[in-house]
Amino acid sequence: MDTQTVFWGEKRYRSLDYHLKEKFGHKIYKLSLNGGMTCPNRDGTLGYRGCIFCSAGGSGDFTPDSRLSVKEQIESARSLVARKYNGSSYIAYFQAYTNTYAPCSYLREIFTAAISCPDISALSIATRPDCLGGDVLKLLEELNRIKPVWVELGFQTMHEDTAQFIRRGYDTEVFEAALSALRARNIETIVHVILGLPGEDDAQMLDTVRFLNKHDIQGIKLQLLHILKDTDLADYYGSHPFRILSMDEYLYIVGKCIASLRPDIVIHRLTGDAPKSLLIAPLWSANKRQVLNRMHAYLKENDIWQGKEL
């Protein structure tokens, strides 16, 4: 998402692009990296098949080969974005699987390697709330004194029945405790929410946004549910078809979420990508440019978004 600000009546919302330019003084691009980790939902600690929607790539289908060094991954990722970004400032984003699920010595090694690169301005770490032990929190606090550290927590929904169905593997209280521990150390926290989970209606999706409004979060990612091949969700969808959001329905609920969001929370994402070779549904989401164009037009027409481009 690349735009300016969001307005609904007299309320003003913060896009990631606007926030980064305000914080750093210029545009910054995010580089997706792979720390080579797994997840307690995959190694047998909690389960072996991951969350029901998770692909074999662990949400890191577009990340470099984890066998490359961090420096090599940064170079590879930078070359991939060179055609659309000619700046020299980046966020190192450890995206695949659970990026605090490893010995603290290893985490120190890879995170330090990332922030030691002169053109890395910040470190962003995607993880689970139940994978933030005291030693990891201490490390993140230490790194945050060197360069800004963000932690992205996969929360997805406030509804416990849905959380159990998708095999999230932890209760909401665990999320709240992790968030409190991160904020006590002044670490910015971004929360992932999936829109269109099986059985959830518009009111329930908005419940999750309103729930997060009451907590000390600094950013949010709104993600359309993708059904991907070779996932348990794909098997379930095949035998128990459930409501898949149309593009119009998704635009509507995104608009409602923005309108319900606390204005100081930075909006990091309004949709997401899925590998076309794996995507089963919704197929309309495969054309990202069309989706963004339609989203821009919808939000502008409904006086939700006044930025120049998404």
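Residues numbered from 1 in each chain as written. Predicted model: local features only at pLDDT ≥ 70, side-chain atom pairs only at ≥ 80, totals over all residues. Heavy atoms only, no water.

## Details of the overall build of the protein chain
For the protein chain, the count of helices and strands is ten helices and eleven strands. In terms of overall size, the protein chain behaves like a compact globule, its C-alpha atoms giving a radius of gyration of 18 Å where 310 residues would be expected to give roughly 19 Å. The principal-axis extents of the C-alpha atoms in the protein chain amount to approximately 45 × 45 × 35 Å. Looking at the protein chain as a whole, 54% of its 310 residues qualify as buried. (Helix = DSSP H or I, 4+ residues; strand = E, 2+ residues; numbered from the N terminus. Rg over C-alpha atoms; globule rule 2.2 N^0.38 Å. Buried < 20%, exposed > 50% of the residue type's maximum accessible area, 1.4 Å probe, protein only.)

## Some points on the nonpolar core
The tendency in soluble globular proteins is for nonpolar side chains to be buried as a group. Core analysis: the largest hydrophobic core is formed by 67 residues, its most contacted members being Phe111, Leu123, Leu140, Phe175, Leu195, Leu212 and Tyr250. Among the nonpolar cores identified, the runner-up in size contains 13 residues, and Ile52, Leu197, Ala234 and Ala281 belong to it. (Core = buried A, V, L, I, M, F, W, Y, C linked by side-chain atoms within 4.5 Å.)

## Some thoughts on helix α1 (residues 16-24)
Since the α-helix advances by 3.6 residues per turn, residues separated by three or four positions end up pointing in the same direction. Every buried residue belonging to α1 is among Leu16, Asp17, His19 and Leu20, and all of these are buried. The arc that holds every buried residue of α1, seen down its axis, measures 160 degrees, which confines them to one face. Immediately downstream of α1, the backbone of glycine 25 shows phi near 90 degrees, a positive value. (Arc of directions from axis to C-beta.)

## Focus on the confidence of the model for the protein chain
Chain-level statistics for the protein chain give a pLDDT mean of 90 and a share of 92% at 70 or above. This model gives residues 1-11 a pLDDT under 50, and the stretch forms 55 contacts once residues within four places in sequence are excluded. Taken as a whole, residues 306-310 scores under 50 in pLDDT and shows 21 contacts with residues more than four places along the chain or in a different chain. (pLDDT = per-residue confidence, 0-100. Contact = heavy atoms within 4.5 Å.)

## What to know about the packing of aromatic side chains
For the structure shown, the criterion picks out nine aromatic pairs. Consider the rings of phenylalanine 165 and tyrosine 236, whose centres lie 4.9 Å apart with planes at 70 degrees: the pair is edge-to-face. Of this pair, phenylalanine 165 sits in helix α5 (residues 160-165) while tyrosine 236 sits in helix α8 (residues 232-239); the two residues are 71 residues apart in sequence, bridging distant segments of the chain. Tyrosine 236 gets classed as partly exposed once you look at its relative accessible area, which sits at 29%. (Phe/Tyr/Trp six-rings, centres within 6.5 Å; stacked < 30°, edge-to-face > 60°.)

## Observations regarding unusual backbone geometry
Look at the link from alanine 281 to proline 282: it is a cis peptide, with omega at -10 degrees. Counting through the fold element by element, proline 282 comes out in the loop between β11 (279-281) and α10 (288-301). Phi is positive for tyrosine 97, close to 60 degrees, though the residue is something other than glycine. With respect to the helices and strands, tyrosine 97 occurs in the loop between β4 (90-94) and α3 (104-115). Residue class for tyrosine 97 comes out partly exposed when judged on its relative accessible area of 23%. Its identity as a non-glycine residue notwithstanding, aspartate 230 has a phi of 60 degrees, on the positive side. Following the sequence through the fold, aspartate 230 ends up in the loop between β9 (227-228) and α8.

## Observations regarding the pairing of strand β8 (residues 219-224)
Counting buried positions along β8 yields six of six residues, so the element is predominantly enclosed. On β8, burial covers both faces: Gly219, Lys221 and Gln223 on one face and Ile220, Leu222 and Leu224 on the other are all buried. In this sheet, β8 lies alongside strand β7 (residues 188-195) in parallel orientation, the contact comprising six bridges. Residue pairing in the sheet places isoleucine 194 in a bridge with glutamine 223 of β8. The sheet contact formed by β8 and strand β10 (residues 266-269) spans three bridges and is parallel. When the bridges of β10 are listed, isoleucine 220 appears paired with isoleucine 267. (Pairing = 2+ DSSP bridges.)

## Quick word on the pattern of salt bridges
Side chains that differ in charge, positive against negative, can pair when their charged atoms come close. Using the criterion set out here, one finds 21 salt bridges in the structure. Where arginine 49 meets aspartate 232, a salt bridge forms, and the shortest distance between an N and an O atom there is 2.3 Å. Highlighted residues: arginine 49 in the loop between β3 (29-33) and α2 (70-81) and aspartate 232 in helix α8, separated in sequence by 183 residues. Given a relative accessible area of 52%, arginine 49 falls into the exposed group. A relative accessible area of 14% means that aspartate 232 is categorised as buried. In this structure, aspartate 65 engages arginine 67 in a salt bridge whose closest nitrogen and oxygen atoms are separated by 2.6 Å. Taking the relative accessible area as the measure of exposure, aspartate 65 reaches 33% and is therefore partly exposed. For arginine 67, a relative accessible area of 75% corresponds to the exposed category. Within the structure, one salt-bridge network assembled from shared partners comprises Asp17, Lys21 and Lys27. (Salt bridge = Lys/Arg side-chain N within 4 Å of Asp/Glu carboxyl O.)

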